[in-house]
Amino acid sequence: MVVEKKITEGTLPYKRLLRWVTEGMNFKSEKSSPVVALEVQPSQFILQPKGNQQLRVTAINTNGDRFCVTSEAEFESNAPNIAGVDRRGGVQAGEIPGEAAVLVRFMGEVNVCRITIPRKDHPFSRPKENNFVDTHVWNKLARLGIPPSELANDSTFMRRVYLDTIGTLPTAEEARKFLLDTSTDKRAKLIDRLLERPEYSDYWAMQWSDLLRVDRDAITAQGAIGMTRWLKRQFAENRPYNEMVREIILAQGSTTAESPAAFYKALGTPEVISRSISQLFLGVRIECAQCHHHPSEKWGQDDYFALAGFFTGVSKKVLPTGSESIVGKIGNDLKNPRTNTLVATRALGEKEGSSLVVTDRRELLANWMMNENNPFFAKSISNRIWSHYFGKGLVEPIDDFRTTNPASNEPLLEELAAYLKKNKYDLKALTKVILNSRTYQLGAGVPSNTSDEQNFSHSINRAMPAEVLLDAISLITGIPEKFNGWPEGIRAIQVWDNRMPSYFLKLFGRPVRASVCECERSNEPSIAQALHLMNAPEIVAKIHSRKGAVRKLAESKLTSTEIISELYLMTLCRFPTPKESEVLEELFKETGQDRRSAVEDALWALLNTKEFVYIH
Amino acid sequence: MMNEQKKPINFFCDGVSRRQALRIGASGFLGGLTLPKLFQMEATASTGEEPKAKSCIFLYLQGGPSTIDMWDMKPDAPAEIRGPYKPIRTNVTGTMVGEHCHRSSKIADKYTILRSHSHNDNGHTTGSHYVLTGIKANFADGANSRIPVNELYPSIGSIVSRELGTRGSVPPYINMPHPLTAGGPGFYGAEHAPFVIESDPVQPDFEVKDLQADERLSDLRFKRRQRVLKGLEKDSLQSGRATTMATYYDKARDLITSPAARKAFDLKSEPEKLRASYGHTSLGQCSLLSRRLVEAGCRFVGVDHGSWDTHFSCFPSLEKDLIPHADMAFSTLVTDLQDRGLLESTLVVMMGEMGRTPRINDKAGRDHWSQAQSVLLAGGGIKPGIVVGATDKTASFPTTEPFGVADVLRTIFHLMGIDSDKVYRTPLGRPVPIVSGGKVIKELLV
């Protein structure tokens, strides 16, 4: 076992520690004035590949005195291959262009310094800007010297925006209509139409059910139905986000009603409630601070118990009918178990305890969250929505905002949050800005930008969520999935029951809704997934069904060429290339009179292309 | 540390030198030795010795097994440490094990107990990362988070898969009945990810899903579909995820088309008597299936066996379920392998990510303790019937040289003929040796 030595004999910290021990190990000095802030210089700079830069760290104490603590501070780079840092604060750039953040830590205070290593070999020409999203993204790319990709073609855009916004593929008919439409504003119009479709609320209610822990085993079937209905209504009516969250935080009443009350049933203690709400709506993971000071943030145990104090009045009452009801009572402050002293209830980062002359102290927290100047609330949801449409947050992980985990494009995140606030927390308005940006509509990576993973210079392939993929296969084959106990024709994105047995959904990563973390949904590919798509009897049955789309096409009057086009529109939302047509025409020739098996084989092949399985 | 004193290796495992191999590739005088094959040979460049173990079965007792109640008894310690179980004699003079390990006590001459395994990572996810990759992964929020900042590093099974490849019809690296935490391929990529059997062999309706080609389809049509698919994908640009999925498709197709592979997964063809002696438990039936897969050419089977995280009231579950299940599965597996003449070439390892605290807590359980854990090893070149290392009188710390994660990994790789000092580069160009630091535990070797 190798134990890394923190202090080597003879060094300054060694001598200092030794002196303190020989002086009698006093824990308190009368003159002590704790460090309250840390400065790093330079805090942001550009380095050439292989370049280096020494950092200087200054600590400031309660008296406002400044000390140079460069040699005592700890340094850590979040991307050592892009820019590493040694123990004395010397930064060295590698050869790879990109961005790195160096975390600096001293006596419980933290700060961060950001380093950009631009690439030099590509002259940057600024493409057209659709809105402020593009302005900020191009600014960043220009600084890094990374050219964005070209605009994606109509079919790629259409497939992407359907799957992302409503979790549903366009039909062949819809796809053809859009492709043949010659108007110049057809993309914007499509975005407007999609946001009004009923599938929009189905799909977003499903995603929020994951986050709000709509787990049948935790909140009963009636509770899950009640929550799902309530969520669908929020998205169908485009309820302002702040109002929706306020209703969640202040939820009261029956846990089986059409309301978010069951969320509290799933959570339990004030500690669990407060840290879940913090992660979900503020993007602040505070659970570390339950037992000790957060290792890379300013949050300590007092902050943790001060926040939990808002939820001490929440209790469950069993009603005569046997169902449960959430009640908000006055509540009390909590003790820090280490110091054994009461901590005044207060919100994150606030100096003063909240004045608690109210009947339900959750109201104070809600007021604080929705205040114009709250530093977390609007940014957190903007980042969440962004991450949904790009497969990666501006802050990543999306619910882990920290000084030491800065956004990859801070001005963009700030303007998205400001836009949301200006538009009264209208989520559809924010979504429209994102979808209408050129950034969202970019095509796949090209050699000059494909290695960029954090600046949105090109689109990336994203896995379809399990439910969306299953619905797509059902829609294309014309054979709806049968869910035990559910009416025929119900779609996977509409099913509230997260425990409903389904090998397909489990295999493709449906979450069990055991936490408020989006990371619970797995999108890792596997051999078992490939086996299933290729060989599962259930999918073969859909393709071969007598009532299905294949049979209809095979028995129609359409020529083989028309059938091939139809199959491509159904699955990939585009027309086939001449080469692809050739391959499939060959298949039709080979099977001769047996058109049905040709159509079956062709559809099987299309459903097994990588192009089908991913959102591009 | 990378071993810099080591002499450069000029010979591959089959005794062909690199220079010779290059010549073979250039002139092609050995029929069929193509350039990719050459790379394959290069990738399997090994220690030069004939490896002892061709395969490894890794029984992972996830949560942290209480080895103080099984393999490292302390009868002289106070009651709150020694626990309720008595040590019993084994068929090796001087070696004692816990009373609930009585099946293993009868075959102690066939395996070896490493009592001085020790490391300093006390978390489940972080510990699993450490034990399975040899590298302490960086986590977003310290030990509490389930999400590593990077999932860069390949697991032991993926390393074996890359170095040795398959010997038969089944994939070289298999997990069951769940994926192992941190058992992934890291920067090695999808090609070396485990094939995960996502169903539990103990279930009466167990089958490996989707393996059987649909009866509605003739062989002719199956082939035609594959041909059409290939034709459609020929020109498609693939990157990132799509490339990964393409690799999986190739593997999936290989599985479907091989009758030998399907036969290997057919647990029902085993006699009931043998199945019962493995135990009708998840670990028991997984162990039996592991043996079948090793026979079919699998190199590394990782069995994930959970529920060892016994913080509360641990003794009822230890004596009724956990220990008997592990005792039956392990002892029958070792005996069965030996009966079939496979033990010499198959390494069996049973361990968790850590051990458990010597002192029983106020909830009658034992908590996390990574400073001392006993690891069981058998076959594949392990010297049988001995105990290596010892712990202090409370089983808290090793009193002999502690052997860490890197030492265990190095020993496994050594037995399998894999050079632990071989270096691969990450996609960004950073060189990463197969194992950093550590040394082969010589005491364990024949």
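Values in this document were obtained by computation on a predicted structure and should not be read as measured data.

Chemist: It is not clear to me how the sheet that holds strand β11 (residues 253-254) of chain A should be interpreted in this structure. Could you clarify?
Modeler: Pairing between the strands of a sheet is mediated by backbone hydrogen bonds and can be parallel or antiparallel. All names here are of chain A. Across the sheet, which stays open at both edges, the 3 strands sit in the order β11-β13-β12 with antiparallel pairing between neighbours. Only two strands of the sheet have a single neighbouring strand rather than two, namely β11 and β12 (314-318). The pairing of β12 with strand β13 (residues 324-328) spans 5 bridges and is antiparallel. In the sheet register, V318 faces β13, and the bridge partner there is E324.

Chemist: Would you take a moment to explain unusual backbone geometry for this structure?
Modeler: A negative phi angle is the norm for most residues apart from glycine, just as the trans form is the norm for most peptide bonds. Cis geometry is adopted by the peptide bond preceding P42 of chain A, which originates at Q41 of chain A and carries an omega value of -10°. By the secondary structure assignment, P42 of chain A is in the loop between β1 (35-41) and β2 (44-46). That bond from E396 of chain A to P397 of chain A is cis: its omega, 0°, falls within 30 degrees of zero. Within the secondary structure layout, P397 of chain A lies in the loop between α13 (377-390) and α14 (410-422). Residue N238 of chain A is not a glycine yet carries a positive backbone phi of 50°. Relative to the helices and strands, N238 of chain A resides in the loop between α7 (216-236) and α8 (241-249). Despite not being glycine, A395 of chain B shows a phi value in the positive range, around 60°.

Chemist: Just checking my understanding: could you explain the pairing of strand β8 (residues 90-93) of chain A for this structure?
Modeler: Looking down a regular strand, the side chains alternate between one sheet face and the other. Residue and element names in this part refer to chain A. Strand direction decides the pairing type here: strand β3 (residues 52-54) and β8, joined by 3 bridges, are antiparallel. By the bridge assignment, N52 is partnered in β8 with Q92. Sheet topology note: the strand β7 (residues 83-85)/β8 ladder contains 3 bridges and is antiparallel. Looking across to β8, one finds that V85 is bridged to V91.

Chemist: Explanation requested: the interface of chain A and chain B in the structure shown.
Modeler: For interface size, the figure often reported is the accessible area lost on association. Facing the 54 residues of chain A at the interface are 49 residues of chain B. Linking chain A with chain B are 6 salt bridges. E233 of chain B serves as the salt-bridge partner of K610 of chain A, at 2.6 Å between the closest nitrogen and oxygen. Summed over the shared surface of chain A and chain B, the result is 11 residue pairs in polar contact (both at pLDDT 80 or more). Elements with a minimum of two residues in the side of chain A that touches chain B: β16 (462-463), α17 (503-507), α18 (527-535), α19 (537-544), α22 (578-591), α23 (595-607) and α24 (610-613) of chain A.

Chemist: Mind showing me how you'd approach the packing of aromatic side chains here?
Modeler: On inspection of all chains with the given rule, the structure shows 33 aromatic pairs over all chains. Where Y188 of chain B meets Y424 of chain B, the ring centres are 5.4 Å apart and the plane angle is 70°; that geometry is what we call edge-to-face. One end of the pair, Y188 of chain B, is in the loop between β6 (173-176) and β7 (195-196); the other, Y424 of chain B, is in strand β14 (residues 423-425), and 236 residues separate them in sequence. Of the two residues, Y188 of chain B and Y424 of chain B, neither departs from the other in class, the shared state being buried. Among the aromatic residues, ring-to-ring pairing joins Y200, Y203, W204, F235, W386, Y389, F390, Y440 and F456 of chain A into one connected group.

Chemist: I'm lost on the environment of M158 of chain A in this one. Help?
Modeler: Residue and element names in this part refer to chain A. Relative to the elements of secondary structure, M158 occurs in helix α3 (residues 154-166). A residue is classified by how much of its surface remains accessible, and M158, at 0% relative accessible area, is buried. Taking C-alpha positions, M158 is 9.5 Å from Q441, a pair spaced 283 residues apart along the chain.

So, how was this worked out
For every chain, the first residue of the written sequence is number 1, and numbering continues from 1 along that sequence. Note on labels: chains are lettered from A, ligands numbered from 1, in written order. Local features in this predicted model are restricted to residues of pLDDT 70 or higher, and side-chain atom pairs are both shown and tallied only at a pLDDT of 80 or more, whereas totals for entire chains, interfaces and linings draw on every residue. Each side-chain value is derived from all of the structure's non-hydrogen atoms; neither hydrogens nor water enter the calculation. Strand pairing is assigned whenever DSSP detects at least two bridges linking the two strands. The helix count covers DSSP runs of H or I at least four residues long, the strand count covers runs of E at least two residues long, and both are numbered beginning at the N terminus. Note on definitions: a residue-residue contact is assigned when non-hydrogen atoms from the two residues lie within 4.5 Å. Definition used for salt bridges: Asp or Glu carboxyl oxygen within 4 Å of a side-chain nitrogen of Lys or Arg. Polar contacts, as used here, are pairs of N or O atoms within 3.5 Å; protein pairs need one atom able to donate a hydrogen and one able to accept it. Residues neighboring in sequence count only if both atoms are side-chain atoms. Stacked, tilted and edge-to-face are the three classes assigned to paired rings of Phe, Tyr and Trp, where Trp is represented by its six-membered ring and a pair needs centres within 6.5 Å; plane angles under 30 degrees give stacked, over 60 edge-to-face, the rest tilted. Each residue's exposure class comes from its accessible area (1.4 Å probe, protein chains only) as a fraction of the maximum for that residue type: buried when under 20%, exposed when over 50%, partly exposed otherwise.

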